[in-house]
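# Observations on chain architecture
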Amino acid sequence: MGSKSKALPKGISAAEFDKAVREMRAIVGDEHVLVDEEKLAPYRKIMMPVPDEQHELSASVMPDGVEQIQRIMKVANKYRVPVYPISTGKNLGYGSAAPVQRGQIVMDLRRMNRIIEVDPELCTALVEPGVTYQQLYDYLQEHKLPLWFSCPAPSAIAGPVGNMVDRGVGYTPYGEHFMFSCGMEVVLADGQVLRTGMGAMENSNTWQVFKWGYGPTLDGIFTQSNFGVVTKMGMWLMPAPPDFRPFCIQYPNETDITKIVEALRPLRIAMVIPNAVVIAHTLWEAPCTPVKRADYYTGPGAIPDDAVKKIQADHNIGAWNVYAGLYGTKETNDANWKIIEAVAAGTGGKIITQEASKGSKALEYRFDLMKGKPNLGEFGLYNWRGGGGSIWFAPVSQAKGSETLKQMQMAKTILGKYGFDYVGEFIVGWRDMHHVIDLLYDRSNPEQMEKAYACYDELLHTFAKEGYGMYRANTAFAEKVAATYGPVKRDVEKRLKKALDPNNIIAPGRCGISL
Amino acid sequence: MRTRAWAGCLGVLTLATAAGSAVAGQWRDGAELYQKVCGHCHEANVGPVLKGRGLPPEYIQRVVRMGNRAMPAFRPTEIDDATLADVARRISTGAVLARE
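Residues numbered from 1 in each chain as written. Chains lettered and ligands numbered in written order. Predicted model: local features only at pLDDT ≥ 70, side-chain atom pairs only at ≥ 80, totals over all residues. Heavy atoms only, no water.

### Observations regarding the side chain of Ser 96 of chain A
All names here are of chain A. For clarity, the threshold we go by: Only DSSP runs of H or I reaching four residues or more are called helices, and only runs of E reaching two or more are called strands; each is numbered from the N terminus. In this scheme, a residue with accessible area under 20% of its type's maximum is buried, one over 50% is exposed, and one in between is partly exposed, where area comes from a 1.4 Å probe on protein chains only. Contact definition: two residues touch when any of their heavy atoms are within 4.5 Å.
Assignment of secondary structure puts Ser 96 in the loop between strand E3 (83–86) and strand E4 (104–108). Exposure remark for Ser 96: the relative accessible area of 9% places this residue in the buried category. With residues near it in sequence (within four places) discarded, Ser 96 still touches Lys 45, Ile 46, Gly 89 and Asn 91.

Laid out in structure tokens, this is it:
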């Protein structure tokens, strides 16, 4: 019987591939291995400006436990077939569920969706990769636990393990997700199971409360990498504060970003504002309000500044819209609120409180995200240009006003050159900012596909020349982004890969790491 | 003052959850799926309204599996065939969906 796979792994014959698939079926059950082209369709859907074929998978295997993964690793090593682990597979704009390279078997961990433990006293959770934020939210609600987590914007369908492993960020005081993870379980390429930190010790009950353990702390090497398959992850939950006061401050001019950052950085570092402040541009807010682009501009190229100004005026949107919250008691929030009012007044910003936000979808979904309530409001962005094309360009910046204005102008100029709009925001980590830009384009238009690819390429290399690196990148550009970080780091990564996965079977090419 | 207010809030936590495992993902039915997944876009001005259009169930099922432009595709590990068929039938025939 010849293999039905459309994309065999590199250097593997159809006969050998069929044998590997047969052995995987024996492990997980026939119905949990897919090879037929039609059934693999959901894995193939990408938003990146490259042909689907570039990320075509060989098959999908769907284990339901650690022991099955250990056995799959043995088969993968025996036949030298690469496997590409995914959790919820909703890293949209960064690669979705498709493998980093053509001809890999996606190992879909979505069936492993157990919330293993929630400790309401220590405010911790231990979850599997298939758990979604919505599921965790429902669990906490059903058990009447006043605990919050931080989630990214596609939270209803994405999950904590995948997001933390890709070092994603969110919008509550626990917004730097990897920082608030605590303890991992990892299946290594040779089938051994490693528990990091205190989890390595038998009978330990401190796995989810103390990150470091003894000796080198290893968790970091399993994020943005391919050194193992993360099968459990501990995370810290935040006690719901007695008083939560989200707010937005709007500013009228693009150049205001300088004074905004200068005014807010001290409050963020001192934790008067404890969460990741977001500074969103008009064109991020408009599609989520919602505003239709075609109502303001139907010509070629990027939307002109005067049309953007008109959107601001018509829909009460700032050139920059600052989102943050106070998390405390009524007394502490009353005191800190005076500081926020003074900062807004001193910088020419207009405060919008939760009470005054009614009617704006953009404000509503932001305020929900700041308390970790899952939604998909930000998908409104995809209606801006239409056509299902999106890649995130996400350089890191210092939290300094001069740097942010420089980055915004650089990005806007390059995007405009290719006919794309600046749809961006800055997320204040603590002393850094993630400058996140959604490069939106029509994926059904070949010319726009080509331009989007070239535009991202120019953005990447121009920013790298100025010393600005990506915090995260889509799979089509993994190799190019990795290259901007220099040869020594890559050499070390390669040596680690050789030591931990000598047959190069876990997601070769992920974040540019391969043998 | 501050400590007391927080402690009051945390008091209920002494009612510990049963550790064990909580498994979702096996949806109760199409209505629950619609509320927890579809409705986040199709009831929120993000995706188009689906109800009352008499869309054929086969078409709905296909779009869920293939995705459509910016709409993500959903794998059988996320939405099993039976629940997908149920939600498609409910949307198509105007049967009761959650949040109505």
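Additional details are given in the paragraphs that follow.
### Some thoughts on the interface of chain A and chain B
Put simply, the rule reads: What counts as buried area is the accessible surface, traced by a 1.4 Å probe, that two parts surrender upon association, with contributions from both included. The working definition used for a salt bridge is a side-chain nitrogen of Lys or Arg within 4 Å of a carboxyl oxygen of Asp or Glu. A 3.5 Å cut-off defines polar contacts: any pair of N or O atoms within that distance qualifies, except that in protein one atom must be a possible hydrogen donor and the other a possible acceptor, and neighbouring residues in sequence count only when both atoms are side-chain atoms. Residue type decides the class: Asp, Glu, Lys and Arg count as charged, Ala, Val, Leu, Ile, Met, Phe, Trp, Tyr, Cys and Pro as nonpolar, and the leftover types, Gly among them, as polar.
Each side of the interface is counted separately: chain A has 57 residues, and chain B has 40 residues. With both sides pooled, the region where chain A packs onto chain B buries about 3,800 Å², and carbon together with sulfur makes up 64% of that total. Its largest share of buried area at the contact with chain B, chain A owes to Pro 42, Lys 45 and Arg 110 of chain A, together 14% of the area lost on that side. At the boundary of chain A and chain B, one finds three salt bridges. Note that Asp 108 of chain A and Arg 75 of chain B form a salt bridge whose closest N and O atoms lie 2.7 Å from each other. Counting across the chain A and chain B interface gives ten residue pairs in polar contact (both at pLDDT 80 or more). Secondary structure elements with two or more residues in the side of chain A that touches chain B: helix H2 (41–44), strand E5 (114–119), helix H4 (133–142), strand E14 (320–328) and helix H9 (330–347) of chain A. By residue number, the principal contributor to the side of chain A that touches chain B is E5 of chain A, which donates five residues. Split by residue class, the side of chain A that touches chain B holds 28 nonpolar, 17 polar and twelve charged.

### So, the environment of Ile 91 of chain B
All names here are of chain B. By secondary structure assignment, the location of Ile 91 is in helix H4 (residues 81–93). Taking the C-alpha atoms as reference points, Ile 91 and Tyr 59, 32 residues apart in sequence, are found 11 Å from one another. For Ile 91, the contacting residues outside a window of four places in its chain are Tyr 34, Leu 50, Lys 51, Gly 52, Ile 60 and Leu 97.

### Some words on helix H8 (residues 305–315) of chain A
Residue and element names in this part refer to chain A. Selection criterion: To obtain the arc, one takes the directions from the helix axis to the C-beta atoms.
If you check which residues of H8 are buried, you get Ala 307, Val 308, Ile 311 and Gln 312. Axial view of H8: buried residues confined to an arc of 150 degrees, hence all on one face. In H8, the exposed positions angled more than 90 degrees off the buried face are occupied by Asp 306 and Ala 313. Contacts from the buried residues of H8 go to strand E13 (278–281) and helix H7 (282–288). Immediately downstream of H8, the backbone of Asn 316 shows phi near 55 degrees, a positive value.

### Structural notes on H4 of chain B
Each turn of an α-helix holds 3.6 residues, which means side chains three or four residues apart point in the same direction. Residues and elements named next belong to chain B. Defined as follows: For a helix, the expected span equals 1.5 Å multiplied by the residue count minus one.
Taking 1.5 Å of rise per residue, the 13 residues of H4 would be expected to cover 18 Å, and the 18 Å separating its terminal C-alpha atoms lies within 8% of that figure. Residues of H4 that are buried include every one of Thr 83, Leu 84, Asp 86, Val 87, Ala 88, Arg 90, Ile 91 and Ser 92, and no others. For H4, the elements touching its buried residues are helix H2 (30–42) and helix H3 (57–66). Downstream of H4 by one or two residues, Gly 94 has phi in the positive range, about 75 degrees.

### Let's talk about the nonpolar core
Inclusion rule: As used here, the term nonpolar core means buried Ala, Val, Leu, Ile, Met, Phe, Trp, Tyr and Cys residues forming a set that is joined through side-chain atoms within 4.5 Å.
Ranked by size, the top nonpolar core spans 97 residues in total, and within it Val 118, Phe 149, Leu 237 and Ile 311 of chain A carry the most contacts. In contact with Ile 311 of chain A, not counting residues within four places along its chain, are Thr 282, Leu 283, Ala 286, Val 291, Tyr 296, Ile 303, Asn 316, Ile 317 and Trp 384 of chain A.

### Re the environment of Arg 102 of chain A
All names here are of chain A. Along the chain, Arg 102 falls in the loop between E3 and E4. Residue class for Arg 102 comes out partly exposed when judged on its relative accessible area of 41%. Counting along the chain gives 49 residues from Arg 102 to Glu 53, while the straight-line C-alpha distance between them is 7.0 Å. Each residue touching Arg 102, except ones within four places of it in the same chain, is listed here: Lys 6, Ala 7, Glu 53, Gln 54, His 55 and Glu 56. A distance of 3.3 Å separates the side chain of Arg 102 from the backbone oxygen of Lys 6, its partner in a polar contact. From its side chain, Arg 102 meets the backbone oxygen of Glu 53 in a polar contact 2.9 Å long.

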